[in-house]
Amino acid sequence: EAQVTQNPRYLITVTGKKLTVTCSQNMNHEYMSWYRQDPGLGLRQIYYSMNVEVTDKGDVPEGYKVSRKEKRNFPLILESPSPNQTSLYFCASSFSISGYGYTFGSGTRLTVV
Amino acid sequence: GENVEQHPSTLSVQEGDSAVIKCTYSDSASNYFPWYKQELGKGPQLIIDIRSNVGEKKDQRIAVTLNKTAKHFSLHITETQPEDSAVYFCAAKPHLQLIFGQGTTLQVKP
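Description of the structure in this document. Keep in mind that what you see is a predicted model, and the values were worked out from it rather than measured.

1. A look at the overall build of chain A
- When helices and strands are counted, chain A shows zero helices and eleven strands.
- Overall, chain A shows an N-to-C arrangement of helices and strands of β-β-β-β-β-β-β-β-β-β-β.
- Counting only residues that meet the buried cut, chain A has 51% of its 113 residues in that class.
- Taking as baseline every contact in chain A between residues at least 6 positions apart, the subset at least 24 positions apart corresponds to 54%.
- Counting only carbon and sulfur atoms, one obtains 51% of the accessible surface of chain A, whose full area is about 5,200 Å².
- With 12 positive and 9 negative side-chain charges, chain A shows a separation of 6 Å between the mean positions of the two kinds.

Quick look at the structure:
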């Protein structure tokens, strides 16, 4: 089944403790992206990647890092999480290098206390 | 940068009625306008999209219209059913990013 897989689905952590949210797609998609979803704000893009080793900032990149060492994987790294990073996170991928027709993962609910 | 405004934030309709969700965008370079449906506990799913060279597109009970001059586009759902209840997001794509609206929670009452 073609899909975007995120792990974990739920995560509670403490301020300052480094964490990684994994994202993997099995569709050989070029483009991958991370979004955060907050009430009343919709989906805001954190980072995106058009290809292996090519990443760029979205609208809200502060406090996050990403890497794209393999085509299928695009992990999101929070080096020192803070409570304002409590959110619902989605990974997405696209067959198009320009980012048309996203397929989203099921989401990761992160709580930072 | 691009700014997408979506209205209303919540919408309640009776089963069988029509529902309309409207979005405006600011960047005239935007050329792609998808709509996503998000059910509870799931990721958004693409339901329909339209490109800037097309004014209207239909897929069964769903249609999208685009007015490039006014920079607005709308989602129309006819003969609504309880399973249409979800959060709907519009989006606009000026360049390499996809910019989303704030979302509309649609409730279809049986």
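2. Observations regarding the side chain of S74(B)
- Relative to the elements of secondary structure, S74(B) occurs in strand β8 (residues 72–77).
- Each residue touching S74(B), except ones within four places of it in the same chain, is listed here: V20(B), I21(B), K22(B), W35(B), A63(B), V64(B) and T65(B).

3. Focus: the packing of aromatic side chains
- In this structure the tally under the stated criterion is 17 aromatic pairs over all chains.
- Taken together, a centroid distance of 5.9 Å and an interplanar angle of 65 degrees make the contact between Y64(A) and Y89(A) edge-to-face. Linking Y64(A) in the loop between β6 (54–57) and β7 (65–66) with Y89(A) in strand β9 (residues 87–94), this pair joins segments that are 25 residues apart in sequence.
- Here Y64(A) falls in the buried class, since its relative accessible area comes to 5%.
- Taken together, Y31(A), Y35(A), Y48(A), F90(A), Y102(A), F104(A), Y36(B), F89(B) and F100(B) form an aromatic cluster joined through their ring pairs.
- The ring of Y100(A) has R51(B) sitting right over it, with the charged end atom 4.3 Å from the ring centre.
- The aromatic ring of Y100(A) is capped on one face by K93(B), whose charged end is 4.5 Å from the ring centroid.

4. Here we look at the layout of surface pockets
- The volume enclosed by the largest pocket comes to roughly 590 Å³.
- If you list the elements that add at least two residues to the lining of the largest pocket, you get β4 (31–38), β9 and β11 (108–112) of chain A together with β9 (86–92) and β11 (104–109) of chain B.
- Within this model, the second largest pocket holds a volume of roughly 250 Å³.
- For the second largest pocket, the full set of lining residues is Y102(A), T103(A), F104(A), K37(B), E39(B), K42(B), G43(B), P44(B), Q45(B), L46(B) and I47(B).
- Counting only elements with at least two residues in the lining of the second largest pocket, the list comes to β10 (103–104) of chain A together with β5 (45–51) of chain B.
- Looking at the lining of the second largest pocket residue by residue, the class counts come to five nonpolar, three polar and three charged.

5. As for the pairing of strand β3 (residues 19–25) of chain B
Residues and elements named next belong to chain B.
- The two faces of β3 differ: A19, I21, C23 and Y25 on one face are buried, but V20, K22 and T24 on the other face are not.
- With four bridges joining them, strand β1 (residues 4–7) and β3 adopt antiparallel strand pairing. The residue bridging V4 from the neighbouring strand is Y25, located in β3.
- Bridge analysis of β3 against β8 gives six bridges, and the strand direction is antiparallel. Across the sheet, the residue bridging to A19 is I77, located in β8.

Here is what the cut-offs are and how they apply
Residues numbered from 1 in each chain as written. Chains lettered and ligands numbered in written order. Predicted model: local features only at pLDDT ≥ 70, side-chain atom pairs only at ≥ 80, totals over all residues. Heavy atoms only, no water. Helix = DSSP H or I, 4+ residues; strand = E, 2+ residues; numbered from the N terminus. Buried < 20%, exposed > 50% of the residue type's maximum accessible area, 1.4 Å probe, protein only. Contact = heavy atoms within 4.5 Å. Areas by Shrake-Rupley, 256 points an atom, 1.4 Å probe, with all protein chains shown as cover. Lys, Arg positive; Asp, Glu negative; His and termini not counted. Charge placed at Lys NZ, Arg CZ, Asp CG, Glu CD. Phe/Tyr/Trp six-rings, centres within 6.5 Å; stacked < 30°, edge-to-face > 60°. Lys NZ or Arg CZ within 6 Å of the ring centre and 35° of its normal. 1 Å grid on protein atoms, 1.4 Å probe; cavity = no way out; pocket = protein on both sides within 12 Å on 5 of 7 lines; lining within 4 Å. Points joined across faces, edges and corners; volume = space filled by probe spheres on them. Nonpolar A, V, L, I, M, F, W, Y, C, P; charged D, E, K, R; others polar. Pairing = 2+ DSSP bridges.

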